[in-house]
Amino acid sequence: MADSGPIVVREASGEDWPGIWPIIAEVARAGETIAMDATPDEATVRADWMTGPPGRVTVACGPDGAILGTANMYANRPAQGSHVASGTIMVDARERGRGVGRALVRDLVSWAAGSGYAGIQFNAVVDTNIAAIRLYESEGFTTLGAAPGAFIHPTQGSVGLRIMWRQIHRG
């Protein structure tokens, strides 16, 4: 675990990729929270993750500059759905429980509000990811529903995927 000083969230740059990639690869290998290949191709993931405008990629850093987590954020859908934001948040397993995820969620909410989005929708929060669900709920998200058995967990089998929502601006 890195120094327990303040966590700073900032825009990611291409130079941050060597610190971002191990976090994504670790989450993929675990297979517990995000539907993705357990051994993803780094070049493909980099192209997908580091999307740039109109989306945004951030990193959460400790006082020593070490990357502790990352997020990407974007319009949930094109055209008629482009007024709703979405995002994906990943935290280094060694850094979980110290506020890295919360800092990334708060930054995402701030970005979405400042960008004029009506709300934020997470399309696929795994039912067994209790820490993320509690975090999102504590930051004002609610579960709209769940697709039963929509995610194959490596140890728990078929589990649900939640759609979680946070209203920002009334439309």
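Our subject is the structure listed above.
Residues numbered from 1 in each chain as written. Predicted model: local features only at pLDDT ≥ 70, side-chain atom pairs only at ≥ 80, totals over all residues. Heavy atoms only, no water.

### A word on the overall build of the protein chain
Here's step 1: For the protein chain, the helix and strand inventory stands at four helices and seven strands.
Here's step 2: Taken from the N to the C terminus, the helices and strands of the protein chain come in the order β-α-α-β-β-β-α-β-α-β-β.
Here's step 3: Over its C-alpha atoms the protein chain spans a radius of gyration of 15 Å, differing by no more than 12% from the 16 Å that the globule rule assigns to 171 residues.
Here's step 4: Based on the C-alpha atoms only, the size of the protein chain along its principal axes is roughly 40 × 40 × 30 Å.
Here's step 5: Looking at the protein chain as a whole, 43% of its 171 residues qualify as buried.
Here's step 6: Counting contacts in the protein chain only where the partners sit at least 6 residues apart, residues at least 24 apart contribute 63% of the total.
Here's step 7: Entry remark: accessible area of the protein chain is about 8,600 Å², with carbon and sulfur atoms responsible for 53%.
Here's step 8: When the 14 positive and 17 negative side-chain charges of the protein chain are each reduced to one mean point, those points stand 8 Å apart. (Helix = DSSP H or I, 4+ residues; strand = E, 2+ residues; numbered from the N terminus. Rg over C-alpha atoms; globule rule 2.2 N^0.38 Å. Buried < 20%, exposed > 50% of the residue type's maximum accessible area, 1.4 Å probe, protein only. Contact = heavy atoms within 4.5 Å. Areas by Shrake-Rupley, 256 points an atom, 1.4 Å probe, with all protein chains shown as cover. Lys, Arg positive; Asp, Glu negative; His and termini not counted. Charge placed at Lys NZ, Arg CZ, Asp CG, Glu CD.)

### Observations concerning the environment of Ala 30
Here's step 1: One can find Ala 30 in helix H1 (residues 17-30).
Here's step 2: Judged by its relative accessible area of 37%, Ala 30 is partly exposed.
Here's step 3: Residues Ala 30 and His 153, 123 residues apart in the sequence, show an inter-C-alpha distance of 9.4 Å.

### Re the sheet that holds strand S4 (residues 84-91)
Across a sheet, strands are paired by hydrogen bonds formed along the backbone, either parallel or antiparallel in direction.
Here's step 1: The mixed open sheet is built from seven strands, whose spatial order is S1-S2-S3-S4-S5-S7-S6. The sheet is open, and its two borders are formed by strand S1 (8-11) and strand S6 (142-153), each paired with just one other strand. Across the sheet, the axes of successive neighbouring strands diverge by a mean angle of 25°, strand direction being ignored.
Here's step 2: In this structure, S1 lies alongside strand S2 (residues 56-61), joined through four bridges in antiparallel fashion. Within the sheet, the bridge partner assigned to Val 9 lies in S2 and is Ala 60.
Here's step 3: Each of S2, strand S3 (67-75) and S4 touches helix H2 (residues 42-49); the most contacted strand, S3, lies at about 60° to it.
Here's step 4: Of the strands in this sheet, S1, S2, S3, S4, strand S5 (119-126) and strand S7 (157-167) are in contact with helix H3 (residues 100-114), which crosses S4 at around 160°. (Pairing = 2+ DSSP bridges. Axes fitted to C-alpha atoms, helices over the stretch in contact; angles between N-to-C directions.)

### Some remarks on the packing of aromatic side chains
Here's step 1: According to the stated counting rule, one finds five aromatic pairs in the structure shown.
Here's step 2: When the centroid spacing of 4.8 Å and the interplanar angle of 15° are considered together, the rings of Phe 122 and Phe 141 count as stacked. With Phe 122 in strand S5 and Phe 141 in the loop between helix H4 (130-138) and S6, this residue pair connects regions lying 19 residues apart in the sequence.
Here's step 3: Overall, Phe 122 belongs to the buried group, its relative accessible area being 5%.
Here's step 4: Grouping aromatic residues by their ring pairs yields a cluster made of Phe 122, Tyr 136 and Phe 141. (Phe/Tyr/Trp six-rings, centres within 6.5 Å; stacked < 30°, edge-to-face > 60°.)

### Comments concerning the packing of H1 against H2
Here's step 1: For the pair H1 and H2, the least separation of the axes is 11 Å and the interaxial angle reads 105°. Classified by the angle between their axes, H1 and H2 sit roughly perpendicular to one another. Facing H1, whose interface residues are Trp 17, Ile 20, Trp 21 and Ile 24, H2 presents Glu 42, Val 45, Arg 46 and Trp 49. (Parallel < 35°, antiparallel > 145°, perpendicular 65-115°, else oblique.)

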